[in-house]
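Results of the structural survey
Chain by chain, the residues:
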Amino acid sequence: MFTSKAVIMAGGQGTRLGNLVHEVPKPMVQVNNVPILERQIISLKNCGIKDITLVIGYLGQVIKDYFKDGKDFDVNIDYIFETEPLGSAGSLFYLKDKFNDDFILLFGDLIESVDFNSMIKFHKEHNALITLFSHPNAHPFDSDLLIVNENNVVLGMDSKHNIRNYYYHNLVNAGIYVLSPDSLDYFTEVKKTDMEKDFIKAIIPTNRVFSYCSSEYVKDAGTIERLKAVGEDIHNGIVDGKNKINLQKAIFLDRDGTINIHRGHLSDINQFELVENAAKAIKLINESGYLAIVITNQPVISRGDLTFEGLDEIHKKMETLLGKEGAYLDAIYFCPHYPESGFPNEVKELKIECDCRKPKIGMLLKAKERFNIDLTKSWFVGDADLDILCGQNGGCKTILIDQGKGKDSKPDYKVKNLLEAIEEIMKQ
């Protein structure tokens, strides 16, 4: 067990919810007959986090009358009352002397089911001042995005107001944080402060702001449409089902010839082009409860035809193109190794027999550990024998996109394209 403390920013008015917030504050709006705030408190309690501070403002007395000191909910609740609007972070000033250990912070309009203890563990292992819960979403083109390096250090934020004439990774700040008490040294006076534009931006240069990327369910319920959508997800078991404490299921996808048109050893970003209906197929995965995870051999790196940075740009293009059509990938794993030598620009340290190059299952095992995946309830979709053998070696069901390259393997199904493959899985 790590921290037992949390802060919920519950002062929002929720003007986009119209008549629903005339008599109650936004966090008390009910979803499937339970207030959003109550769902959050239960979620925290389930992770052993029972000391909770509620920051209240608009109609805050409604919240106090409902929860009181928290004893009826088997937690301990105290309150900070905003007498004037202080933005999304200004009230953190009042927490400066309240905590001597890391604590969870979340906003009161979120429907979530998160293993907070895993996030706190990540935060402590990285000696972070601030850890942001992050994930890809279905509309990165109009979202503020995180810029993160290979070590999950947040380097900056890409505002949705920027003219994006470039490709980008689909990674969004979800509104859940772990904060070190030391991070609160930023606050020297009571004033209106924005969480991202002021507070987090000021801490980023320390290189101690980290991204905790997770596929768990976190969505805001700030509009009528979103309230309806999250209510359906709760009813269908999707919200709690995505919690990391539960075994997950994935659809593993080869890249070249499956998601994008096969161009041989692709090293030119201008040659990267999605296959027809690739985004439609991956969007079906996103909506199904399966994870969408790419597993790809990329020997172009060991051959010296492409750098790691060049591959990253190609993957940014893939994420950007998919995002423009409302689809996203939960993760991308690639193997840069290739054991055969004799290429003029080859990278000798990558010419090794590894455990990650398909049909070996090293990449599957990395995904399994990170996402808590049950491989026996997962699928592998690809266009070559290596893909089918990798899936079978990992215990997955398999589908071959039959383009003439899978002559020796025996998949569970053969189809013509990715969309047919996903539609077949959805029938099962």
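Rules used in this analysis
- Counting restarts for each chain, with residues numbered from 1 along the sequence as it is written.
- Reporting of local features is limited, given that this is a predicted model, to residues whose pLDDT is at least 70; pairs of side-chain atoms are given and counted only at 80 or more, and all residues count toward the totals for whole chains, interfaces and linings.
- In computing side-chain properties, one takes all heavy atoms of the structure into account and sets aside hydrogens as well as water.
- At least two bridges found by DSSP between two strands is the condition for calling them paired.
- Each helix is a run of H or I in the DSSP string that is no shorter than four residues. Each strand is a run of E no shorter than two, and both are numbered from the N terminus.
- A fitted line through C-alpha atoms serves as each axis, taken over the contacting stretch for helices, and the angle formed by two N-to-C directions is quoted from 0 to 180°.
- Only heavy atoms enter the contact rule, under which two residues are in contact if any of them lie within 4.5 Å.
- Relative accessibility under 20% of the residue-type maximum defines a buried residue, over 50% an exposed one, and the middle range a partly exposed one, all with a 1.4 Å probe and only protein chains included.
- Polar contacts, as used here, are pairs of N or O atoms within 3.5 Å; protein pairs need one atom able to donate a hydrogen and one able to accept it. Residues neighboring in sequence count only if both atoms are side-chain atoms.
- To sort the angles, those under 35 degrees are grouped as roughly parallel, those over 145 as roughly antiparallel, those from 65 to 115 as roughly perpendicular, and the leftovers as oblique.
- Helix crossings fall into two classes, left-handed where the near helix is turned counterclockwise from the far one by less than a right angle and right-handed where it is turned clockwise.
- Gly is placed with the polar residues, together with every amino acid not listed as nonpolar (Ala, Val, Leu, Ile, Met, Phe, Trp, Tyr, Cys and Pro) or charged (Asp, Glu, Lys and Arg).
- The definition of a nonpolar core used throughout is a set of buried Ala, Val, Leu, Ile, Met, Phe, Trp, Tyr and Cys residues joined through side-chain atoms within 4.5 Å.
- Just to be clear on terms, a salt bridge is a Lys or Arg side-chain nitrogen sitting within 4 Å of an Asp or Glu carboxyl oxygen.

1. A closer look at the sheet that holds strand β14 (residues 250-253)
The strand order β16-β15-β14-β17-β18-β19 describes an open sheet built from 6 strands, whose pairing is parallel. Single-partner strands in this sheet number two, and they are β16 (331-335) and β19 (413-415). For this sheet the average axis-to-axis angle between neighbouring strands, irrespective of direction, equals 20°. Helix α11 (residues 418-427) contacts β14, β17 (379-382), β18 (397-401) and β19 of the sheet and is inclined by roughly 160° relative to β14.

2. Focus: the side chain of Glu346
Looking at the element boundaries, Glu346 is found in the loop between β16 and α9 (362-371). Overall, Glu346 belongs to the buried group, its relative accessible area being 16%. Here Phe343 takes part through its backbone nitrogen, which lies 2.9 Å from a polar atom of the side chain of Glu346. Aside from chain neighbours lying at most four places away, what touches Glu346 is Ser302, Arg303, Gly304, Glu340, Ser341 and Lys351.

3. A few points about the packing of helix α1 (residues 36-46) against helix α2 (residues 60-67)
Where α1 meets α2, the axes come as close as 11 Å, and the angle between the chain directions of the two elements is 50°. Our classification of the angle between α1 and α2 gives oblique. The interaxial crossing formed by α1 with α2 has right-handed handedness. Across the interface between the two elements, Leu37, Glu38 and Ile41 of α1 pack against Ile63, Tyr66 and Phe67 of α2. In terms of residue class, the contact of α1 with α2 is built from 5 nonpolar, no polar and 1 charged.

4. A closer look at the nonpolar core
Of all hydrophobic cores here, the largest spans 35 residues; its most connected members are Ile251, Leu253, Ile282, Val381 and Leu418. Sequence-distant contacts of Val381, defined by excluding residues within four places in its chain, comprise Ile251, Phe252, Leu253, Asp254, Thr258, Ile399, Ile401, Leu418, Ala421 and Ile425. Among the nonpolar cores identified, the runner-up in size contains 34 residues, and Phe67, Ile104, Ile120 and Val178 belong to it.

5. Thoughts on the packing of helix α7 (residues 278-288) against α11
Geometry of a packed helix pair, given as the angle between the helix axes and the separation of the axes. It is the contact of α7 with α11, at a shortest axis distance of 8 Å, that shows an interaxial angle of 20°. Classified by the interaxial angle, the pair formed by α7 and α11 is roughly parallel. Once α7 is placed against α11, the crossing between them reads as left-handed. Only Leu418, Leu419, Ile422, Glu423 and Met426 of α11 make contact with α7, whose side of the interface consists of Ala278, Lys280, Ala281, Ile282, Leu284, Ile285 and Ser288. Residue classes in the contact of α7 with α11 are distributed as 9 nonpolar, 1 polar and 2 charged.

6. A closer look at the pattern of salt bridges
Applying the stated rule across the entire model yields 19 salt bridges. In this structure, Lys219 and Asp233 form a salt bridge, with 4.0 Å as the shortest nitrogen-oxygen distance. Highlighted residues: Lys219 in strand β13 (residues 217-220) and Asp233 in helix α5 (residues 224-235), separated in sequence by 14 residues. Residue classification places Lys219 among the partly exposed residues on the basis of a relative accessible area of 43%. For Asp233, a relative accessible area of 14% translates into the label buried.

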